[in-house]
Number of protein chains: 2
Amino acid sequence: MDSKTVKQFKSFSSFTRRDFLYRAAVVGGTGLLLTTMDAWGMGIASTASAPPALSGSGKGKKVLILGAGLAGMTAAFELEKLGYKVQILEARAFAGGRCQTARKGFSLTELGGEKQTCAFDDGHYINHGPWRIPLHHQSTLHYTKLFEVPLEVMVNENDHAYVYSENAGPFAGKRVRLKEVKADMRGHVSELLAKSVKNHQLDQELSPDDQRLLLDYLQHEGALTANDLQYKGRSGRGYAVNPGAGLNPGPGTLSDPLGFKDLLASKLGNVYSAVQDFPMQNTMFQPVGGMDAIAKAFEKRVGKNIRYKSEVQTIRQNDKGVTVTYKDTGTNKVSSISADYCLCAIPLSVLRQIDTDFPDKFKKAVATVAYAPVGKIGLQMKRRFWEEDDHIYGGHIMTDVKGINQISVPSYGFQKKKGVLLGYYQYQTAAIETSALSLKERAEFALAAGQKIFPQYTENFETSFSVAWHRVQYNLGGWAEWTDKTRAAAYPTLVAGEGRILLAGEHLSYLTGWQAGAIESAWQQIAQIHERASA
Amino acid sequence: MDSKTVKQFKSFSSFTRRDFLYRAAVVGGTGLLLTTMDAWGMGIASTASAPPALSGSGKGKKVLILGAGLAGMTAAFELEKLGYKVQILEARAFAGGRCQTARKGFSLTELGGEKQTCAFDDGHYINHGPWRIPLHHQSTLHYTKLFEVPLEVMVNENDHAYVYSENAGPFAGKRVRLKEVKADMRGHVSELLAKSVKNHQLDQELSPDDQRLLLDYLQHEGALTANDLQYKGRSGRGYAVNPGAGLNPGPGTLSDPLGFKDLLASKLGNVYSAVQDFPMQNTMFQPVGGMDAIAKAFEKRVGKNIRYKSEVQTIRQNDKGVTVTYKDTGTNKVSSISADYCLCAIPLSVLRQIDTDFPDKFKKAVATVAYAPVGKIGLQMKRRFWEEDDHIYGGHIMTDVKGINQISVPSYGFQKKKGVLLGYYQYQTAAIETSALSLKERAEFALAAGQKIFPQYTENFETSFSVAWHRVQYNLGGWAEWTDKTRAAAYPTLVAGEGRILLAGEHLSYLTGWQAGAIESAWQQIAQIHERASA
């Protein structure tokens, strides 16, 4: 967002603050930034949490939007409020782009693949596209709030879930609860550092007072014994026999910790870190009933301006406007449509195959960005054995079983009979290899692998739904995968747009693969369009 | 549970396993236990997860149950299935005991206090009694599943929430996000230990291979720099400017870590530990719409056998049976009722004031157990400023502001306009002191304290509902507080019961203050009743 656009923000106080903070960070580093925020009584600066409040009107001007995904629909919703005439072309028969949910009757035919129709029981689904809304994504949350899309917690951190590694040395091929690894690694490490302190090996680093404070901390963090600061286990790692009523089990029986050297050799400690990664932190959300509730909420508001089954064929522009031809995929009839400006929210992976009159530099930028091969499979199980037998309610089982990466159990319908779990979440080579399999073979692959972790797997399997996003027409990939090199070479060019054509989508953000990237990119680009239209 | 009772378990295979495991733990410690479980392909042994499957019939025998809390209703439900004739006396006009939810119209008059009627808006509530169902409490979850009580996630861990301490040295009186403390303390500590390794101070402790593995771990845990293993912050602690779309904010701006010595001096690191404590771990649940959904589900099934407004006056027994007199609190008429056995699920704090013919030893045991003073207050706020301004969605703000302990924001109704938060959760002295205040003064106390943390507090306050459990008739305390000494002196006596009278409730468990304690205690005691009745 350039300073001119920023100046159009309606809320003056919030604009000046944001702008000032940005300058403070540039000039004085985060130290100055935080001091400034502190002086204002502000917490950590929020991400973009509302659309740009643009002044003036778009009345009498027409914007053609290509693609009714979240970026396109966000732009349509906001531009129409400004008075623009808006038209969206969407190649599919429904809106939402990758924001899809597979439930009974949902069908998908990948390029060169068999037709697949989801056969999950009523009430069960898999979000085979985006499936998480982080608390930091205030832009996405802006619309769920505005459109009153009910949210529920998506269990994204579950220390009671298993870690299962086939290469974990002493624990290879064994299920270990993540909490056991965390409790024991941090316990042993705390004991080790406490020993260093007691042996006066840190006398040069820390004052006697700091050493005492550090020992207090380590004792608490690592549950070290009071006298000799040793780690001998803790209730947080789980009991061998849980406490209960009466005399037996009564207080229960504590479990023994895993050995330090075994844990080191297993490398299982590298599954977690001090805090959850930024976008993955609690509280994580999902819309009640499926992620496509967001797509449908947008569609309800901008659907009247969407022309479905309209596949873009050519894009041309001149000083006066933009002309796009599109094919009706039902009738194969090609028509053309013109507008003053065009916001193209088509993934770059698809855009680069469309006939445009972009200059070579821009074409090259469009062509240069890689797209991620991504695969997911939903497996409907007769019963929720992960809840009933393993007491895992939502969350992820992390594994290095080839081609699986993680198994995720649902955060909805707790304690119901059946459930749909995510059987794999693949990227790169694994995604490419699995996508070459038939639908049946993909399910068999997921089942054979999952069976290693859950012996209840195959006997409970009922039906699957899988997607390989790189083989999905109109997407050709899960999300844009930028490198430092392509960011430098192509990103500023694409963000700037070309004449009367602006681009939007998760690919024009640092939140690639997230719905917030699409929405925030749309917010930025409509500010650009409005600026050009108002000039 | 004695071995005789255990033998009555229907499921032979699960009985023998459980029994064998218990013996394995006693004989060979948890090492043998875990080896055995491993050989059977079992994970961590579960707590009691189903009622005892008792053989035989209770037909023709009558059990009188005192108290329609969760223990009493669990016993009634299970005993009736066995053929027993069951009658419950309940002093209140409703069932559930402490399992209550305050919503519009709910009224409570504490002993010596003003009448209080909850005035929250429709759809808002506070669980002023139990409010959490841990995943480990399979007994509670047994009934939510059986009775189809819908559950949702209760956000019990939220690293994005604030820690606020008035005695935190350099951070005194400042809000700090828990994730900042975790990221920075663990980062600094990892750097310190890595330095010890590099300086060969651990050569005697660890082999060169183990040292390399430890450095790998520390680098990952603490986000240390690759070359010189220093901690310089990480995205997981939060950004100064969050990443977004376009060129600005683009990749965002990382925030600077808090200094190690400042953190040590603040003692904020003692707010968390390596893993969450056992009962507090994810996934935590709450029934949709309020905890009393559990009470109502039981009441629906056993309510026909409950005589409400029946205050127990005397308890007598002989070789043939038990006779109880009770006063109808509406008419003040005293009646008597007899049965073959009696299960008394009245809190010990109340039971010790009832006229009984218990022998002195038993009376003394009943009298010896302390009950916890506990206070809670729900504050309805005009808008969810904790969500809108602070991006805290569910979870707890931990604080040492006098008399507050924690402020908890709701895990339901995310993004709605209003919300009811928990303004304090007090024990001991704080609970006693606050309970001496008028209802209005309690709210003012909570507001003045909360205002220090959230400047939006008082301007958004609408109405409150508070409880001091030690002043609630028929409870006289939050829960039983055992010490090692009282456990030794009184617990076995109370668990054994007296003649034809058995006791049940959270107080006869090691899960005091939890609904699971009440349920599992009832399971154990009905097995005892059945054993005696079948003898």
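Residues numbered from 1 in each chain as written. Chains lettered and ligands numbered in written order. Predicted model: local features only at pLDDT ≥ 70, side-chain atom pairs only at ≥ 80, totals over all residues. Heavy atoms only, no water.

Moving on, we come to the overall build of chain A. Looking only at helices and strands, one finds 16 helices and 24 strands in chain A. Computed over the C-alpha atoms, the radius of gyration of chain A is 27 Å, within 12% of the 24 Å expected from 2.2 N^0.38 for a compact globule of 535 residues. Principal axes of the C-alpha set define a box for chain A whose edges measure 80 × 60 × 45 Å. Burial analysis of chain A (535 residues in total) assigns 61% to the buried set. In chain A, the share of contacts with a sequence separation of at least 24, taken over all contacts with a separation of at least 6, comes to 68%. (Helix = DSSP H or I, 4+ residues; strand = E, 2+ residues; numbered from the N terminus. Rg over C-alpha atoms; globule rule 2.2 N^0.38 Å. Buried < 20%, exposed > 50% of the residue type's maximum accessible area, 1.4 Å probe, protein only. Contact = heavy atoms within 4.5 Å.)

In total, this model carries 50 salt bridges over all chains according to the counting rule given. For Arg 212 of chain B, the salt bridge is made with Asp 209 of chain B, and the minimal N-O distance between the two is 2.4 Å. With Arg 212 of chain B and Asp 209 of chain B both in helix H6 (residues 208-222), this residue pair falls 3 residues apart, about one helical turn. Shared partners join several salt bridges into a network, and the residues in it are Lys 145 of chain A together with Arg 383, Glu 388 and Asp 389 of chain B. (Salt bridge = Lys/Arg side-chain N within 4 Å of Asp/Glu carboxyl O.)

A word on the interface of chain B and chain A. Contacts between the two partners involve 107 residues from chain B and, on the opposite side, 106 residues from chain A. When the area that chain B buries against chain A is broken down by residue, the three leading residues are Tyr 217, Phe 278 and Gln 415 of chain B, summing to 7%. Our count for the chain B to chain A interface comes out at 6 salt bridges. Between Glu 221 of chain B and Arg 186 of chain A there is a salt bridge; the shortest N-O distance is 2.9 Å. No other element matches the 10 residues that helix H5 (residues 178-198) of chain B contributes to the side of chain B that touches chain A. Each residue belonging to the side of chain B that touches chain A can be placed in one class, and the counts come to 49 nonpolar, 36 polar and 22 charged. (Buried area = accessible area lost by both parts, 1.4 Å probe. Nonpolar A, V, L, I, M, F, W, Y, C, P; charged D, E, K, R; others polar.)

Residue and element names in this part refer to chain B. Reading across the sheet, the 4 strands line up as S16-S15-S14-S18 and stay open at both edges, with mixed pairing between neighbours. In the strand order of this sheet, the two ends are held by strand S16 (334-339) and strand S18 (355-356), each with one partner. Bridge count for strand S14 (residues 310-317) against S18 is 2 bridges, and the pairing is parallel. By the bridge assignment for S18, Thr 314 is matched with Asp 355. (Pairing = 2+ DSSP bridges.)

Time to look at the UniProt feature "domain: Amine oxidase" (unreviewed entry) in chain A. On the UniProt side, "domain: Amine oxidase" (unreviewed entry) is annotated at positions that read residues 70-524 of chain A here. In residues 70-524 of chain A, the share of helix is 31% and the share of strand is 22%. The end C-alpha atoms are 14 Å apart. (UniProt positions renumbered as here; feature names shortened; annotations may be inferred.)

Residues and elements named next belong to chain A. Here the structure, examined in full by the defined rule, presents 50 aromatic pairs over all chains. Each ring, one from Phe 147 and one from Phe 298, has its centre 5.0 Å from the other, and the planes form 90°; the classification is edge-to-face. One end of the pair, Phe 147, is in the loop between helix H4 (138-146) and strand S5 (151-153); the other, Phe 298, is in helix H8 (residues 292-302), with 151 residues separating them in the sequence. The same class applies to Phe 147 and to Phe 298, which are both buried. Note on Trp 482 and Tyr 491: the rings are 5.1 Å apart at their centroids and 85° apart in plane angle, and the pair reads as edge-to-face. Given the relative accessible area of 1%, Tyr 491 is considered buried. Ring pairing ties together the aromatic residues Phe 77, Tyr 143, Phe 147, Phe 298 and Trp 523, which thus form one cluster. (Phe/Tyr/Trp six-rings, centres within 6.5 Å; stacked < 30°, edge-to-face > 60°.)

The next subject is the environment of Glu 506 of chain A. Residue and element names in this part refer to chain A. Within the element layout of this structure, Glu 506 appears in the loop between strand S24 (501-503) and helix H16 (515-534). Assessed through its relative accessible area of 4%, Glu 506 is described here as buried. Taking the C-alpha atoms as reference points, Glu 506 and Thr 253, separated by 253 residues in sequence, lie 51 Å from one another. Beyond its immediate chain neighbours, meaning those up to four positions away, Glu 506 contacts Arg 98, Tyr 371, Trp 479, Ala 480, Leu 511, Thr 512, Gly 513, Trp 514, Gly 517 and Ala 518. Reaching out from Glu 506, the side chain makes a polar contact with the backbone nitrogen of Ala 480 at a distance of 3.2 Å. (Polar contact = N/O pair within 3.5 Å; in protein donor to acceptor, adjacent residues only side chain to side chain.)

Turning our attention to the relation of the copies chain B and chain A. Aligned on chain A, chain B shows an RMSD of 0.0 Å; the corresponding rotation is 180° and the shift along the axis is 0.0 Å. Taken together, the turn and the small shift mark the pair as related by a two-fold rotation axis. When the interface residues of chain B are mapped onto chain A, 99% of them again fall at the interface, so both copies present the same face. (Least-squares fit on C-alpha atoms with pLDDT ≥ 70 in both.)

For the rest of this paragraph, the subject is the state of the cysteines. Applying the stated criterion across every chain, the model contains 0 disulfides over all chains. Lacking any disulfide linkage, Cys 118 of chain A is separated from the closest cysteine sulfur, that of Cys 99 of chain A, by 16 Å. Here Cys 344 of chain B stays free of any disulfide, with the sulfur of Cys 342 of chain B as its closest cysteine sulfur at 5.8 Å. A relative accessible area of 1% means that Cys 344 of chain B is categorised as buried. (Disulfide = S-S within 2.5 Å.)

Quick look at the packing of helix H4 (residues 138-146) of chain B against helix H16 (residues 515-534) of chain B now. Residue and element names in this part refer to chain B. The contact between H4 and H16 brings their axes to 8 Å, and the two run at 85°. Taken together, H4 and H16 sit at an angle that is classed as roughly perpendicular. Across from Ser 139, Thr 140, His 142 and Tyr 143 in H4, the residues of H16 making contact are Gln 515, Ala 516, Ile 519, Glu 520 and Trp 523. In terms of residue class, the contact of H4 with H16 is made up of 4 nonpolar, 4 polar and 1 charged. (Axes fitted to C-alpha atoms, helices over the stretch in contact; angles between N-to-C directions. Parallel < 35°, antiparallel > 145°, perpendicular 65-115°, else oblique.)

The next thing to look at is the nonpolar core. Counting 98 residues, the largest nonpolar core has Ile 65, Met 73 and Ile 88 of chain A together with Ile 65, Met 73 and Ile 88 of chain B as the members making the most contacts within it. Leaving out residues up to four positions away in the same chain, Ile 88 of chain A has contacts with Ile 65, Gly 67, Ala 68, Gly 72, Met 73, Ala 76, Val 302, Asn 305, Ile 306 and Arg 307 of chain A. (Core = buried A, V, L, I, M, F, W, Y, C linked by side-chain atoms within 4.5 Å.)

Moving on: the pairing of strand S15 (residues 341-344) of chain A. Residues and elements named next belong to chain A. Burial along S15 is two-sided: the residues Tyr 341 and Leu 343 and Cys 342 and Cys 344 are all buried. Looking at chain direction, strand S1 (residues 62-66) and S15 are connected through 4 bridges and run parallel. Across the sheet, the residue bridging to Leu 64 is Cys 342, located in S15. Pairing geometry for S15 and S24, over 3 bridges, is parallel. Bridging across to S24, Leu 343 finds its partner in Leu 502.

This part is about the side chain of Lys 179 of chain A. By secondary structure assignment, the location of Lys 179 of chain A is in helix H5 (residues 178-198). Within the structure, the side chain of Lys 179 of chain A is placed 3.0 Å from the side chain of His 160 of chain A, a separation counted as a polar contact. Sequence-distant contacts of Lys 179 of chain A, defined by excluding residues within four places in its chain, comprise Asp 159, His 160, Gly 236, Arg 237 and Gly 238 of chain A together with His 136, Val 275, Phe 278 and Gln 281 of chain B.

With that settled, the discussion passes to H4 of chain A. Residue and element names in this part refer to chain A. If you check which residues of H4 are buried, you get Gln 138, Ser 139, Thr 140, Leu 141, Tyr 143 and Thr 144. Packing partners of the buried residues in H4 comprise helix H3 (70-81), S5, strand S10 (285-287), H8 and H16. Once H4 finishes, Glu 148 follows within two positions and takes phi at roughly 55°, a positive value.

All names here are of chain A. Within strand S18 (residues 374-381), 8 of the 8 residues are buried, which leaves the element mostly enclosed by the surrounding structure. Across the two faces of S18 the burial is the same, with Val 374, Lys 376, Gly 378 and Gln 380 and Gly 375, Ile 377, Leu 379 and Met 381 all buried. Where S18 lies against strand S21 (residues 419-427), 8 bridges are found, and the strand directions are antiparallel. In the strand pairing of S21, Ile 377 is matched with Tyr 424.

For sheets, the rule is that strands pair by backbone hydrogen bonds, running either parallel or antiparallel. Residue and element names in this part refer to chain A. Ordered by their spatial adjacency, 4 strands build an open sheet running S14-S13-S12-S16, and the pairing between neighbours is mixed. Edge strands, defined here as strands with exactly one partner in the open sheet, are strand S14 (334-339) and strand S16 (355-356). The pairing of strand S12 (residues 310-317) with strand S13 (residues 322-328) spans 7 bridges and is antiparallel. Each residue of the ladder has a partner; that of Val 312, found in S13, is Tyr 326.

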